Amino acid sequence: MVEDERTVASALRRGLQAEGYDVDIADNGQDGLWRAQEGSYDAIILDVMLPKLNGFKVCRMLRDEGNWTPVLMLTAKDGDFDVAEGLDTGADDYLTKPFSFVVLTARLRAMLRRGSGSAQDGSSFEAGDLMLDPSRHFCERAGTKIDLTAREFAVLSYMVRRSGQIVTKGEILDNVWDYDFEGDPNIVEVYVRRLRKKIDEPFGCRTISTVRGVGYRLESES
Ligand code: CA
């Protein structure tokens, strides 16, 4: 847990320990980054507003180094936090302060269930010339590597696994954001738009089609 407010950090640690988690606390971004790099954690709870290095930067640096430890980001209530922008740093989920401890542990459990992908068997998914390998968090189209954030990768993986079929926004939400997602379901549209920009537009493709009023379909052929 990377959190500089000591009372918040110690209260959360006590609660999490009572749930059986083993928790280390870093009280600034630099220390948090270092611990995440040196240690082997199942998940990181990362505050955004931190001394020395903010949470966005910490997350971005970890992802750039290929560290895909699941990150739950804690954001301020009235900050100018843009959800899509925040998740773009590679965070897996976020919670707005103040949050309930019950919600925090539910999100944490969901994140741990999904894991960082490293425990998977290395099998990759393909749809036409689009290839995804969850074990390496790797995506390429026609041999060109495509950089995706953790969440973009999760949305695309789900669509590729169901390629050729219509998937609804609700199904994407359920599979990528979990049942307890309390934000705006239109977040799915945001992600589909971003995926099109990354996997389709640069290649002159239209792999993801919108099925009006129903959802989306990812073409199984290129
Ligand atoms: Ca803080």
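This text goes with the structure placed above it.
Being a predicted model, the structure only gives us computed values, none of them experimental.

### Quick word on unusual backbone geometry
A negative phi angle characterises most non-glycine residues, just as the trans form characterises most peptide bonds.
And then number 1: A cis amide bond, omega -5°, links Lys 97 with the succeeding residue Pro 98.
And then number 2: With respect to the helices and strands, Pro 98 occurs in the loop between strand 3 (93-96) and helix 5 (101-114).
And then number 3: Although it is not a glycine, Lys 52 sits at a positive phi angle of roughly 75°.
And then number 4: The residue Lys 52 is located in the loop between strand 1 (44-47) and helix 3 (55-64) in this model.
And then number 5: In the Ramachandran plot, Ala 142 falls in the positive-phi region, its phi being about 45° despite a non-glycine side chain.
And then number 6: On the secondary structure map, Ala 142 appears in the loop between strand 6 (138-141) and strand 7 (144-145).
And then number 7: When its relative accessible area of 56% is taken as the criterion, Ala 142 is described as exposed.

### A word on helix 7 (residues 169-177)
And then number 1: Turning to helix 7, its buried residues number three or more, namely Ile 172, Leu 173, Val 176 and Trp 177. In a view along the axis of helix 7, the buried residues occupy a sector of 100°, so they form one face of it.
And then number 2: The secondary structure elements touched by the buried residues of helix 7 are helix 5, helix 6 (150-161), strand 8 (166-168), helix 8 (187-200) and strand 10 (215-218).

### Looking at the coordination of the calcium ion
The expected angle between donors at a tetrahedral four-coordinate metal is 109.5 degrees. At an octahedral six-coordinate metal it is 90 or 180 degrees.
And then number 1: Listed as protein donors to the calcium ion are Asp 4 (OD), Asp 47 (OD) and Met 49 (O); their distances from the metal cover 2.1 to 2.3 Å.
And then number 2: Going along the chain, you hit the donors of the calcium ion in the pattern D-x42-D-x1-M. Of this pair, Asp 4 sits in the segment before helix 1 (6-18) while Met 49 sits in the loop between strand 1 and helix 3, and the two are 45 residues apart along the sequence.

### Description of the nonpolar core
And then number 1: Among the nonpolar cores identified, the biggest contains 27 residues, and Leu 156, Ile 172 and Trp 177 are the most heavily contacted of them.
And then number 2: For this core, the secondary structure elements donating two or more residues are strand 4 (125-127), strand 5 (130-133), helix 6, helix 7, helix 8 and strand 10.
And then number 3: If we ignore the near neighbours within four places in the chain, the residues touching Leu 156 are Leu 130, Leu 132, Cys 139, Leu 148, Leu 195, Ile 199 and Leu 218.
And then number 4: Ala 26, Leu 46, Leu 50 and Leu 62 belong to the second-largest nonpolar core, a separate cluster that totals 16 residues.

### A short note on the layout of surface pockets
Take a probe with the size of a water molecule and roll it over the atoms, and the empty space left behind shows itself.
And then number 1: Here the second largest pocket defines a volume of roughly 430 Å³.
And then number 2: Taken together, 23 residues line the second largest pocket, and the ones lying closest to its centre are Met 1, Asp 22, Val 23, Tyr 41 and Ala 43.
And then number 3: Those elements that provide at least two residues to the lining of the second largest pocket are helix 2 (29-38), strand 1, helix 3 and helix 5.
And then number 4: Split into classes, the residues belonging to the lining of the second largest pocket amount to 17 nonpolar, two polar and four charged.

### Side note on the sheet that holds strand 2 (residues 71-75)
And then number 1: As summarised here, the arrangement of the three strands in space is 1-2-3, forming an open sheet in which the pairing is parallel. Both outer strands of the open sheet, strand 1 and strand 3, are each paired with one neighbouring strand and no more. The mean angle between the axes of side-by-side strands here comes to 25°, regardless of whether they run parallel or antiparallel.
And then number 2: Judged from the four bridges that link them, strand 2 and strand 3 form a sheet pairing that is parallel. Looking at the pairing, Leu 72 lines up with Asp 93 of strand 3.

### Digging into the packing of helix 2 against helix 3
And then number 1: Packing of helix 2 against helix 3 leaves a shortest axis separation of 9 Å and a crossing angle of 25°. By the angle between their directions, the pair helix 2 and helix 3 is classed as roughly parallel. Two packed elements cross with a definite hand, and for helix 2 against helix 3 that hand is right-handed. Residues Gly 29, Leu 33, Ala 36 and Gln 37 of helix 2 pack against Val 58, Met 61 and Leu 62 of helix 3.

### What about the packing of helix 6 against helix 8?
Helix packing for two helices is described by the angle between their axes and how far apart those axes are.
And then number 1: Here helix 6 crosses helix 8 at 90°, and the two axes come no closer than 10 Å. Judged by the inter-axis angle, helix 6 sits roughly perpendicular to helix 8. Of helix 8, the residues touching helix 6 (which contributes Arg 151, Glu 152, Val 155 and Leu 156) are Tyr 191, Arg 194, Leu 195, Lys 198 and Ile 199.

Thresholds, definitions, all that
- Residues numbered from 1 in each chain as written.
- Predicted model: local features only at pLDDT ≥ 70, side-chain atom pairs only at ≥ 80, totals over all residues.
- Heavy atoms only, no water.
- Helix = DSSP H or I, 4+ residues; strand = E, 2+ residues; numbered from the N terminus.
- Buried < 20%, exposed > 50% of the residue type's maximum accessible area, 1.4 Å probe, protein only.
- Arc of directions from axis to C-beta.
- Contact = heavy atoms within 4.5 Å.
- Donors = N, O, S within 2.8 Å, 3.2 Å for Na, K, Ca; no water.
- Core = buried A, V, L, I, M, F, W, Y, C linked by side-chain atoms within 4.5 Å.
- 1 Å grid on protein atoms, 1.4 Å probe; cavity = no way out; pocket = protein on both sides within 12 Å on 5 of 7 lines; lining within 4 Å.
- Points joined across faces, edges and corners; volume = space filled by probe spheres on them.
- Nonpolar A, V, L, I, M, F, W, Y, C, P; charged D, E, K, R; others polar.
- Pairing = 2+ DSSP bridges.
- Axes fitted to C-alpha atoms, helices over the stretch in contact; angles between N-to-C directions.
- Parallel < 35°, antiparallel > 145°, perpendicular 65-115°, else oblique.
- Left-handed = near helix turned anticlockwise from the far one by under 90°.

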